[in-house]
Amino acid sequence: MSSSLSGRTVLVTGATAGIGYETAHRLAERGATVLLHGRTSEEAQAAADRLVATAGVDGARLRPLAADFARLEEVENLAHAVVREHPRLDVLVNNAAIAAPERHTLTVDGNEVAFQVNFLAHYLLTNLLESALTTDPGGRVVNVSSSLHRTAAIQWSDPNRERRYSRLAAYAQSQLALTVFASDLRVTAVSVHPGVCATGLLSLYGNEGESAAEGAQHVVRLCDPATEIVNGAYYDRSERVAPAAAATEDRTIKRLNKLADLLVGHTA
């Protein structure tokens, strides 16, 4: 588990807390340059400072970056900044996620907030980073998904759930979409359920979880070029298992791309 990642550049979204923070910690510790994304530049900088102060990480390996995923324009700006400054990106970890709010909430872009933050922003980011994501062996996208994707259905006619909203269903739909997206052949990608961890999302699952550090280990393993991956595969912790049937259906993948292109509209 301790092979060196020096010379590799990894972007981790949602890296200021929980599994994202612990993933950034472990990647930097093993020599990778980590682009550490937070919702605001203050949050991203604070996370970087904390890694240097408390985890002894070399600050030269960290690059704090900011974008509020509830605003697609900020996602675009983030992607352009990454392509400009890091034209060769080895790994993209699509980790940022929110628990859907109790009440139905739309973003400024007009999308249900969990669907946008957890899926659409990552869809847009991944597509805009396509030129930087290296095709070298080991280059890959790792989508941090959830076992709850199995309980989900994508509401094709009402993806924003205007008609019937439940936070659990909204969250699960976003995770199913992210899992389906890993099967998109435009990128080398996998998705992983890192286990139920004691993070801000725990309330969706129950009362008890493993530590975020344990969850992060499963994500970091998939970032390592020494770990051979099957394109489009889904991992439950360290084990490759079949995802929900919808996640591997060509028809669903095509339909989701069409829907996502429509919803990120002005940028696709």
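Our subject is the structure that appears above.
Cut-offs applied
- In every chain, residue numbers begin from 1 and rise along the written sequence.
- Thresholds applied to this predicted model are a pLDDT of at least 70 for local features of residues and 80 or more for the giving and counting of side-chain atom pairs; totals over whole chains, interfaces and linings are not thresholded and use all residues.
- Side-chain figures throughout are based on the complete set of non-hydrogen atoms in the structure, without hydrogens or water.
- Salt bridges, as used here, are contacts in which a Lys or Arg side-chain nitrogen is within 4 Å of a carboxyl oxygen on Asp or Glu.
- Exposure classes here rest on a 1.4 Å probe applied to the protein chains alone. A residue is buried below 20% of its type maximum, exposed above 50%, and partly exposed in between.
- Numbering goes from the N terminus for both helices and strands, where a helix is a DSSP run of H or I of at least four residues and a strand is a run of E of at least two.
- Only strands that DSSP links by at least two bridges are regarded as paired with each other.
- If the strands point away from the viewer and the path from the first strand over the helix to the second runs clockwise, then the crossover is right-handed.

Take the pattern of salt bridges next. Counted according to the given criterion, the structure contains nine salt bridges. When the shortest N-O distance is used, the salt bridge between R84 and E85 registers 3.9 Å. We classify R84 as exposed; its relative accessible area is 61%. Look at the salt bridges and you will find they share partners, linking R8, R88 and D90 into a network.

With that settled, the discussion passes to the pairing of strand β5 (residues 140-144). The element β5 is extensively covered by neighbouring structure, given that five of its five residues are classed as buried. By the bridge criterion, four bridges tie strand β4 (residues 91-94) to β5 in an arrangement that is parallel. Each residue of the ladder has a partner; that of V91, found in β5, is R140. Relative to strand β6 (residues 189-193), β5 runs parallel, the two sharing four bridges. Within β6, the position partnered with V141 by the bridge is A189. Read from β5 through helix α5 (residues 167-181) to β6, the crossover connection turns out right-handed.

Function-wise, these values are silent; they only describe arrangement.
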